[in-house]
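Given next are the chains, with one letter for each unit.
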Amino acid sequence: MAETNWLQGRHALITGGGTGIGASIATHLHAAGARISVLGRRLDPLADIASTTQGTAGAGDSAPVGHTTRESWDRIIATNLTSAFDCAQAALDDLTSQEDGRMVFVASVAGLKGAAYAAPYSASKHGMVGLMRSLAAEFARTSMTVNAVCPSFVDTPMVDDSAARIARVSKRSESEAREALKAMNASGRLVHPDAVATMVLTLCLPQSRDVNGAAIAIDGGTTA
């Protein structure tokens, strides 16, 4: 990746930065000149990213609503939504006190439309989009913008886990389950993490100061 100085002198904090989309975002923002801090639940992947950039992943289950446990609901809401609120609240003073502060949530197309067999995940991502829009409206007259990227199925370890779960409860192989997930994207392929990271980088540029309150689908036309 060619290095630029678009974000020279800026500091980016990436949650879930050890793997998947978060790791790609960290790499892209670092290449654009930002200093990087990464947070997550496992140390080894974070150390790997820190070593390459010199510097809490999402969760989801698959079950019918009637078989979704309260433990699963609470865990997914806490991981995907409550943690987003906590991080956003903690960052507000820093982001609103500087020029061109940026807050970007990694939501999902499940936050734009319903998702069968994924009620807690879909609800958490709908909540994240609502949180984003509320923050964007509340701070519209400050120098901070608040947006969200909403990818469909992305080629990450989370999709690998989803394929493994599908294989366990069906009589399909993991490769067949993975192909089924690909088919749920209109393009027939998984979204590349770099596509999401590139959009996040674009939203972080000073030139993007008038993009605020946007939930941007990165899904190959799935929600078109």
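From a predicted model like this one, the values you see are computed outputs, not experimental measurements. (Residues numbered from 1 in each chain as written. Predicted model: local features only at pLDDT ≥ 70, side-chain atom pairs only at ≥ 80, totals over all residues. Heavy atoms only, no water.)

**With respect to helix 3 (residues 70-96)**
Keep this limit in mind: Only DSSP runs of H or I reaching four residues or more are called helices, and only runs of E reaching two or more are called strands; each is numbered from the N terminus. What a helix should span is 1.5 Å times the count of its residues minus one. What is called the bend at a residue is the angle between a pair of axes, fitted to the seven residues leading up to and ending at it and to the seven starting from it. Note on contacts: a residue pair qualifies if any of its non-hydrogen atoms lie within 4.5 Å across the two residues.
With 27 residues, helix 3 extends 37 Å between its outermost C-alpha atoms, agreeing within 8% with the 39 Å of an ideal straight helix rising 1.5 Å per residue. The largest bend in helix 3 amounts to roughly 45 degrees and is located at A78. Contacts from the buried residues of helix 3 go to strand 3 (102-106) and helix 4 (119-138).

**Some remarks on the side chain of S108**
What counts here: Any pair of nitrogen or oxygen atoms within 3.5 Å is treated as a polar contact; in protein, a donor-acceptor pairing is required on top of that, and neighbouring residues in sequence qualify only through side-chain atoms on both sides.
You can see S108 is positioned in the loop between strand 3 and helix 4. A polar side-chain atom of S108 sits 2.9 Å from the main-chain amide nitrogen of A110. Setting aside anything within four residues of it in sequence, one finds S108 in contact with Y121, K125, V149, C150 and P151.

**Details of the pattern of salt bridges**
Put simply, the rule reads: A pair is scored as a salt bridge if a Lys or Arg side-chain nitrogen falls within 4 Å of a carboxyl oxygen belonging to Asp or Glu. Each residue gets one of three labels from its accessible area relative to the maximum for its type: buried under 20%, exposed over 50%, partly exposed in between, using a 1.4 Å probe on protein chains only.
For the structure on display, the rule yields seven salt bridges. Ionic pairing is found between E71 and R75, a salt bridge with its closest N-O pair at 3.2 Å. Here the residue E71 and the residue R75 both occupy positions in helix 3, the gap between them amounting to four residues, near one helical turn. Under the relative-accessibility criterion, R75 is labelled partly exposed at 32%. E179 is paired through a salt bridge with K182; the nearest N and O atoms lie 3.2 Å apart. Within this pair, E179 and its partner K182 are both found in helix 6 (residues 174-183), separated by three residues, close to a single helical turn. Several salt bridges converge on common partners, so that one network encompasses D100, R102 and R209.

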